[in-house]
Amino acid sequence: MQDILSYIAETVQNLPHCKKLGLEITRLNQGSGATMLRPNPAFIGNPKRLFFHSAIATTVLDTLCGAVASSAYDGGRTVATLDLRLDHLTTMAGDKPLYGQAECFHKNDDVAYVRGWAWQDNPDEPVAKATGTFMVNGPFQLIVQKDPS
Amino acid sequence: MTTSLKKLQDFNELIAYADLVGLHIEEDDQGIITRLAAQQDNIGNEIIGAIHGGVVGGLLEHAASFHLLYELEDLKVTSRIINLSIDYLRPALLKDTFARAHVYKQGKRVVNVRIQAWQDDENRPVACGHAHFLIA
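The structure displayed is predicted, hence computed values, not measured ones.

Asker: Could you clarify how one ought to interpret unusual backbone geometry in this entry?
Answerer: Negative phi values dominate among residues other than glycine, just as trans dominates among peptide bonds. Of note, the phi angle at leucine 50 of chain A is positive, near 55°, even though the residue is not glycine. Within the secondary structure, leucine 50 of chain A is located in the loop between β3 (44-46) and β4 (51-52).

Asker: It is not clear to me how the sheet that holds strand β8 (residues 126-139) of chain A should be interpreted in this structure. Could you clarify?
Answerer: If you trace the twelve strands from one edge of the open sheet to the other, you get β1(A)-β2(A)-β6(A)-β7(A)-β8(A)-β5(A)-β5(B)-β8(B)-β7(B)-β6(B)-β2(B)-β1(B), paired in antiparallel fashion. If you trace the sheet from one side to the other, it starts and ends with β1 (24-29) of chain A together with β1 (23-28) of chain B, each paired once. Averaged over neighbouring strand pairs, the angle between their axes works out to 25° when direction is ignored. Relative to strand β5 (residues 79-88) of chain B, strand β5 (residues 77-88) of chain A runs antiparallel, the two being bridged by five bridges.

Asker: Honestly, the interface of chain B and chain A in this entry has me stumped. Any pointers?
Answerer: Often, the extent of an interface is quoted as the loss of accessible area on bringing the components together. Chain B puts 33 residues into the contact, and the matching count from chain A is 35 residues. Here chain B meets chain A over a buried area of about 2700 Å², counting both sides, of which 57% is carbon and sulfur. Remark: the boundary between chain B and chain A carries one salt bridge. A salt bridge links aspartate 41 of chain B to lysine 20 of chain A, with the nearest nitrogen and oxygen atoms 2.9 Å apart. Our count for the chain B to chain A interface comes out at 21 residue pairs in polar contact (both at pLDDT 80 or more). Elements with a contribution of two residues or more to the side of chain B that touches chain A: α2 (16-21), β3 (43-45), α3 (53-71) and β5 of chain B.

Asker: What is the right way to look at the packing of helix α1 (residues 5-13) of chain B against α3 of chain B in this model?
Answerer: Each packed pair of helices is defined by two parameters, the angle between the axes and the distance between the axes. Residues and elements named next belong to chain B. Contact geometry for α1 and α3: axes closest at 10 Å, N-to-C directions at 140°. Considering the angle they form, α1 stands oblique to α3. For the pair α1 and α3, the crossing hand works out as right-handed. Residues Leu8, Phe11 and Asn12 of α1 form the contact with α3, whose participating residues are His62, Phe66, Leu69 and Tyr70. Among the residues making up the contact of α1 with α3, the classes are represented as five nonpolar, two polar and no charged.

Asker: I'm lost on the side chain of threonine 58 of chain A in this one. Help?
Answerer: Positionally, threonine 58 of chain A belongs in helix α3 (residues 54-71). At a separation of 2.7 Å, a polar atom in the side chain of threonine 58 of chain A contacts the side chain of glutamate 61 of chain B. Sequence-distant contacts of threonine 58 of chain A, defined by excluding residues within four places in its chain, comprise Leu84, Leu86 and His88 of chain A together with Gly54, Gly57, Glu61 and Ile86 of chain B.

Asker: Mind showing me how you'd approach the pairing of β1 of chain B here?
Answerer: The side chains of a regular strand alternate, residue by residue, between the two faces of the sheet. All names here are of chain B. Direction of pairing for β1 relative to strand β2 (residues 31-36): antiparallel, over a ladder of six bridges. Within β2, the residue paired with leucine 23 across the bridge is leucine 36. Once β1 ends, the chain turns through two residues before running back antiparallel as β2.

Asker: So what exactly am I meant to see when it comes to the nonpolar core here?
Answerer: Side chains of a nonpolar character, in soluble globular proteins, are inclined to be buried together. Counting 81 residues, the largest nonpolar core has Leu37, Leu98 and Val114 of chain A together with Tyr17, Val113 and Ile115 of chain B as its most contacted members. In this view, leucine 98 of chain A contacts Thr35, Met36, Leu37, Phe52, Ile56, Ala57, Val60, Met92, Ala118, Trp119, Gln120 and Val127 of chain A; residues no more than four positions away in its chain are not counted.

Thresholds applied
- Residues numbered from 1 in each chain as written.
- Chains lettered and ligands numbered in written order.
- Predicted model: local features only at pLDDT ≥ 70, side-chain atom pairs only at ≥ 80, totals over all residues.
- Heavy atoms only, no water.
- Helix = DSSP H or I, 4+ residues; strand = E, 2+ residues; numbered from the N terminus.
- Pairing = 2+ DSSP bridges.
- Axes fitted to C-alpha atoms, helices over the stretch in contact; angles between N-to-C directions.
- Contact = heavy atoms within 4.5 Å.
- Buried area = accessible area lost by both parts, 1.4 Å probe.
- Salt bridge = Lys/Arg side-chain N within 4 Å of Asp/Glu carboxyl O.
- Polar contact = N/O pair within 3.5 Å; in protein donor to acceptor, adjacent residues only side chain to side chain.
- Parallel < 35°, antiparallel > 145°, perpendicular 65-115°, else oblique.
- Left-handed = near helix turned anticlockwise from the far one by under 90°.
- Nonpolar A, V, L, I, M, F, W, Y, C, P; charged D, E, K, R; others polar.
- Core = buried A, V, L, I, M, F, W, Y, C linked by side-chain atoms within 4.5 Å.
- Buried < 20%, exposed > 50% of the residue type's maximum accessible area, 1.4 Å probe, protein only.

As far as function goes, none of this settles anything; it's purely spatial.
Rendered as structure tokens:
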């Protein structure tokens, strides 16, 4: 299982958009995980007050909740996001890292239910919270099969 | 009275995140729309070549914010997102994606907004959402 967890984390970090943001999966266990995103001036959504765009929290939590849903099953599964609900609790300082944490709180053969939260200064003071549901598909496989010829 | 398109576009140009993922403010016969340009580095699923769900969520948030600037008459009114619920309906493939917002209730402090995103056909949305914004 450890191999598949490392493989999921590695694959998700290397998705083009995650790579572009520099999103790191700092921990992935079966059904829980954590991320870290270093600040970047390109993430600013409020040019006057220099806050991150809310989409940064959305992207971090969507990515992490998806990875956690994949990791919750023995051997890992691919998942598709059915819905995602974001509570944007407070603004995010544009010059501090954004940390994320998520856990799968329920799963069955078809659906994984995941909650996640993001913070900057203190894990007890979240800046955003997310609840996502994911449709569960086949074994985790994100590498495109190369033509054998 | 609505805020002119040019003013919104000028403001959008100041937003680094809009430039990062390729968000543009445009207008059609029904009002303003937000366009997410097709960019390889917005991909979040390499097997089917689909845009990252977080970026699609960002498109909905951005479209809602700009729609509020557009409708709330003058740029002195600021809005802050409270929450957003996104339904992912179909994969958003590597093409331009559009989003249109609609205010279905405006109160004194809170605005309720629905947003829909599509690619080729507005009647076949790739995602939809509803959001609450605090206005002050």
